[in-house]
Amino acid sequence: MTGVRPAVTEVEVGVRVRVPASTANLGSGFDALGMALGLHDELDFEVVPGGLEVVVGGEGAADVPTDERHLVVRAFRAAADHLGLDVPGLRLTCRNAIPHARGLGSSAAAIVAGVAAAHGLAGRELDTTALQLAAEFEGHADNVAASMFGGVVIAWTEGDRYRAVRVDPHPGVSPVVLVPAEESSTRTTRGLLPPEVPHGDAAFAASRSALAVHALSVDPSLLVSALDDRLHEPYREPAWPATSRLVRALREAGVAAAVSGAGPTVLALPVGGDLPPGVDREGFEVRRVPVDLGGVCVAPLG
Ligand SMILES: Nc1ncnc2c1ncn2[C@@H]1O[C@H](COP(=O)(O)OP(=O)(O)O)[C@@H](O)[C@H]1O
Ligand SMILES: N[C@@H](CCOP(=O)(O)O)C(=O)O
């Protein structure tokens, strides 16, 4: 970007960002459907005279780099550059609650946080450019759109442009996530997907993902049918067989269930919010999390 770059001064001390987790795909809506979850990372971006300091607490604290390679820093820098924003130095403090590499959108949330912070410091609203920046970073828009806008989102592409619309979830949608201890990298399990799928499976996916939008927003009684998938879950099963077994067991017990994002977390949407007894969930931490309706929040640091 050329021209005069607005500099962030000491007057604008910084911003606090609260960003929700997400559950993407929702069955057959691969790279297309997402829903924001009420499990949040909170991050403080403080403008300082120079240098970079990154302090991380909570999830991933022992693993993520604390220099320019940090995902939030990279997304922040890319967005600041795009907006023409000069930040002399940055102190980033992360309080992470979203588990990493479990299919709950931690990387998307990190990217959205960085992009949202740059927009906040530049005095800009989150708009289609912000979605574009975040989705280009992540490689798909389903989970970034959920973290950005909250609720249920439908994401698609037009050429190289990422687009998304938000849909209000039905109040009867009560997510339960079953989170295993093992991690699974989204990049790795995307590598398990075939370049092509049978036409019958594509038709199956088209009907289920369309139905999922209706079931999530109007009639949750259709969720068991709506969350069925042949597009990505069967191909990824070797990466997390216990996840696939649990999804099948829940569905056989009449509970709507799917793999959350790229796994290995299981998403269940039981009517009334309670899982039935008798389904073996050993090895999975069961957490009820509401739908996040508002998406990422940016506020001045006072
Ligand atoms: N809050 C964060 N801060 C820094 N890096 C992060 C953060 N969240 C995720 N990451 C990076 O992204 C990786 C997980 O991304 P991914 O495999 O897409 O799984 P997920 O489903 O959790 O998004 C982590 O191992 C880490 O390298
Ligand atoms: N559509 C993507 C969603 C990945 O979500 P994540 O939460 O696992 O990062 C995919 O299935 O690869």
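Every value quoted in this text rests on a predicted model; they were computed, and no experiment measured them.

Caption draft 1: Layout of the overall build of the protein. The helix and strand inventory of the protein stands at 9 helices and 11 strands. Compactness check: the protein gives a C-alpha radius of gyration of 19 Å against a globular reference of 19 Å for 302 residues, within 12% of the reference. A total of 302 residues make up the protein; the buried ones form 48% of that total.

Caption draft 2: Spatial organisation of the site of ligand 2. Taken together, 17 residues sit near ligand 2, with Ala24, Gly103, Gly105, Gly261 and Ala262 positioned nearest. Mapped by element, the contributors of at least two residues to the shell around ligand 2 are α2 (106-121), α4 (142-149) and α5 (186-190). Among the residues making up the shell around ligand 2, the classes are represented as 5 nonpolar, 9 polar and 3 charged. Lining the shell around ligand 2 are residues from two domains, each supplying at least three of them: domain 1 (14-168 + 291-300) and domain 2 (176-288).

Caption draft 3: Seen up close, the site of ligand 1. Around ligand 1 there are 22 residues in total, and Leu71, Ser106, Ser107, Ala110 and Thr186 lie nearest to it. The set of elements that each furnish at least two residues to the shell around ligand 1 consists of α1 (71-83), β4 (89-96) and α2. Per element, the largest residue contribution to the shell around ligand 1 is 4 residues, and it comes from α2. Classifying every residue of the shell around ligand 1 by side-chain character gives 9 nonpolar, 11 polar and 2 charged. Residues lining the shell around ligand 1 come from more than one domain, with at least three contributed by each of domain 1 (14-168 + 291-300) and domain 2 (176-288).

Caption draft 4: Highlighting the packing of α2 against helix α3 (residues 128-138). α3 packs onto α2 with a crossing angle of 145° between their chain directions and a minimal axis gap of 9 Å. The handedness of the crossing between α2 and α3 comes out as right-handed. Of the residues in α3, those in contact with Ser107, Ala108, Ile111, Val112, Val115 and His119 of α2 are Ala130, Leu133, Ala134, Phe137 and Glu138. Class assignment for the residues of the contact of α2 with α3 results in 8 nonpolar, 2 polar and 1 charged.

Caption draft 5: Local environment of the sheet that holds strand β8 (residues 257-259). If you walk across this open sheet you meet the 4 strands as β8-β9-β7-β10, and the pairing is antiparallel. Each of the sheet's edge strands pairs with one partner strand only, and the pair in question is β8 and β10 (284-288). Taken pair by pair, the neighbouring strands of this sheet meet at an average axis angle of 20°, ignoring direction.

Caption draft 6: View of the domain arrangement of the protein. Under the domain assignment, the protein is made up of domain 1 (14-168 + 291-300) and domain 2 (176-288). Relative to domain 2, the C-alpha centre of domain 1 lies at a distance of 24 Å. With 22 residues of domain 1 at the contact, the number on the domain 2 side is 27 residues. When its residues are assigned to classes, the side of domain 1 that touches domain 2 shows 11 nonpolar, 9 polar and 2 charged.

Caption draft 7: Focus on the UniProt feature "domain: GHMP kinase N-terminal" (unreviewed entry) in the protein. As recorded in UniProt, the sites labelled "domain: GHMP kinase N-terminal" (unreviewed entry) are residues 71-151. The straight-line gap between the two end C-alpha atoms of residues 71-151 is 24 Å; of that span, 59% is helix and 10% is strand.

Caption draft 8: Molecular detail of unusual backbone geometry. Cis geometry is found at the peptide bond from Gly263 to Pro264, where omega equals 10°. For Pro264, the location among the structural elements is in the loop between β8 and β9 (266-268). In this structure, Leu26 is a non-glycine residue whose phi angle is positive, near 50°. Among the structural elements, Leu26 can be located in the loop between β1 (14-24) and β2 (33-48). Looking at Leu26, the number of C-beta atoms within 10 Å reads 31, which means it is buried. The phi torsion at Asp31 lies on the positive side, around 65°, for a residue other than glycine. Tracing the backbone shows Asp31 in the loop between β1 and β2.

Thresholds, definitions, all that
- Residues numbered from 1 in each chain as written.
- Chains lettered and ligands numbered in written order.
- Predicted model: local features only at pLDDT ≥ 70, side-chain atom pairs only at ≥ 80, totals over all residues.
- Helix = DSSP H or I, 4+ residues; strand = E, 2+ residues; numbered from the N terminus.
- Rg over C-alpha atoms; globule rule 2.2 N^0.38 Å.
- Buried ≥ 20, exposed ≤ 12 C-beta atoms within 10 Å, placed from the backbone.
- Near = placed C-beta within 6 Å.
- Nonpolar A, V, L, I, M, F, W, Y, C, P; charged D, E, K, R; others polar.
- Domains from an automatic or database assignment.
- Axes fitted to C-alpha atoms, helices over the stretch in contact; angles between N-to-C directions.
- Left-handed = near helix turned anticlockwise from the far one by under 90°.
- Contact = placed C-beta atoms within 7 Å.
- Pairing = 2+ DSSP bridges.
- UniProt positions renumbered as here; feature names shortened; annotations may be inferred.

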